[in-house]
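Next come the chains, spelled out residue by residue.
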Amino acid sequence: MSRTAQELTPSWLLTALGLAATTVIAAACWTAGHVHADASLLTVARFLHVAFLVVGLGSVLAVDWFAVLWLTGKRPLAGVLDTAVALQTPIWAGLGGLVVSGLFLRPDLHSPLTLVKLGLVVAVTLNGLWAHRLGQLLETHRDGTVPRRLLVLSGLAATVSQTGWWGACLIGFLNSQGA
């Protein structure tokens, strides 16, 4: 069943969610500066951070892999869309879990590298909301030809997603080596 333009998530709602998510991330940064985790809590937070990374990034990779299979003619678009819908919850849970567990990891908010990582987290978050809209637009072409513009926008969203997730992962690894 295809969605019509009237069934798209309203732009105002996506904008409000983006503002709320950005506010939550900013609040998490402020809170992180006031949380002093002991050694055992720090160990648990590190484990949870890695676990949430596996859940979130793993789900993103699965969606993007199905997209590659579709682009190479090995899977139908419906498979990508169904996978993306099914994995939205673990993607958002992984991202949210990373933000919460990161509160306890003693981030150096004066480090330019950490600030870049936080920027990537915000970019991934906002891009995820945009990807939701793109998925809805792709749904209208589930059984037909996807317009070039929508393909390009989807490719751009996937590029931002992969760059953001892997960039934040790399920076987290580099920061952990200094600890």
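Our subject in this report is the structure included herewith. This structure is a prediction, so every number in the text was calculated from the model and none was measured.

1. Let's talk about the overall build of the chain
Part 1: Across its full length, the chain carries five helices and zero strands.
Part 2: Across the chain, helices and strands are ordered from the amino to the carboxyl terminus as α-α-α-α-α.
Part 3: By the compact-globule yardstick of 16 Å for 179 residues, the chain fits well, its C-alpha radius of gyration being 18 Å.
Part 4: Buried positions account for 35% of the 179 residues belonging to the chain.
Part 5: Pairs at least 24 apart in sequence give 82% of the contacts found in the chain among residues at least 6 apart.
Part 6: Just so you have it, the chain exposes about 10,500 Å², and 72% of that area is on carbon and sulfur atoms.
Part 7: On the chain, the mean spot of the 10 positive side-chain charges and the mean spot of the 7 negative ones are 6 Å from each other.

2. A look at unusual backbone geometry
What you tend to see is this: most non-glycine residues have negative phi, and most peptide bonds are trans.
Part 1: Although it is not a glycine, Arg106 adopts a positive phi angle of roughly 55 degrees.
Part 2: Along the chain, Arg106 turns up in the loop between helix H3 (77-102) and helix H4 (112-139).

3. Comments concerning the packing of helix H2 (residues 39-71) against H3
Part 1: Here H2 crosses H3 at 160 degrees, and the two axes come no closer than 8 Å. It follows that H2 is roughly antiparallel to H3 by the angle criterion. Of the two possible hands of crossing, H2 and H3 adopt the one that is left-handed.
Part 2: Residues of the contact of H2 with H3, tallied by class, amount to 19 nonpolar, nine polar and no charged.

4. Thoughts on the state of the cysteines
Part 1: Under the definition given, this model contains zero disulfides.
Part 2: No disulfide involves Cys29; its sulfur sits 18 Å from that of Cys169, the nearest cysteine.

5. A short note on a nonpolar patch on the surface
Part 1: Nonpolar side chains collect at one region of the surface, where Leu41, Val44, Phe47 and Leu48 lie side by side and expose about 360 Å² of accessible area between them.
Part 2: Along the chain, Phe47 turns up in helix H2.

6. Considering the pattern of salt bridges
Part 1: All told, the structure shown has two salt bridges when counted by the stated rule.
Part 2: Note that Asp82 is salt-bridged to Arg142, the shortest N-O span being 2.7 Å. Within this pair, whereas Asp82 is found in helix H3, its partner Arg142 is found in the loop between H4 and helix H5 (148-177), the two being separated by 60 residues in sequence.
Part 3: Classification of Asp82 as partly exposed rests on a relative accessible area of 43%.
Part 4: Here Arg142 and Glu139 are joined by a salt bridge, their closest N and O atoms 2.6 Å apart. Neither residue differs from the other here; Arg142 and Glu139 are each classed as buried.
Part 5: Put simply, Asp82, Glu139 and Arg142 are held in one network by salt bridges that share partners.

About the thresholds
Residues numbered from 1 in each chain as written. Predicted model: local features only at pLDDT ≥ 70, side-chain atom pairs only at ≥ 80, totals over all residues. Heavy atoms only, no water. Helix = DSSP H or I, 4+ residues; strand = E, 2+ residues; numbered from the N terminus. Rg over C-alpha atoms; globule rule 2.2 N^0.38 Å. Buried < 20%, exposed > 50% of the residue type's maximum accessible area, 1.4 Å probe, protein only. Contact = heavy atoms within 4.5 Å. Areas by Shrake-Rupley, 256 points an atom, 1.4 Å probe, with all protein chains shown as cover. Lys, Arg positive; Asp, Glu negative; His and termini not counted. Charge placed at Lys NZ, Arg CZ, Asp CG, Glu CD. Axes fitted to C-alpha atoms, helices over the stretch in contact; angles between N-to-C directions. Parallel < 35°, antiparallel > 145°, perpendicular 65-115°, else oblique. Left-handed = near helix turned anticlockwise from the far one by under 90°. Nonpolar A, V, L, I, M, F, W, Y, C, P; charged D, E, K, R; others polar. Disulfide = S-S within 2.5 Å. Patch = residues over 30% accessible without salt bridge, like charges linked within 9 Å, V, L, I, M, F, W, Y side chains within 5 Å. Salt bridge = Lys/Arg side-chain N within 4 Å of Asp/Glu carboxyl O.

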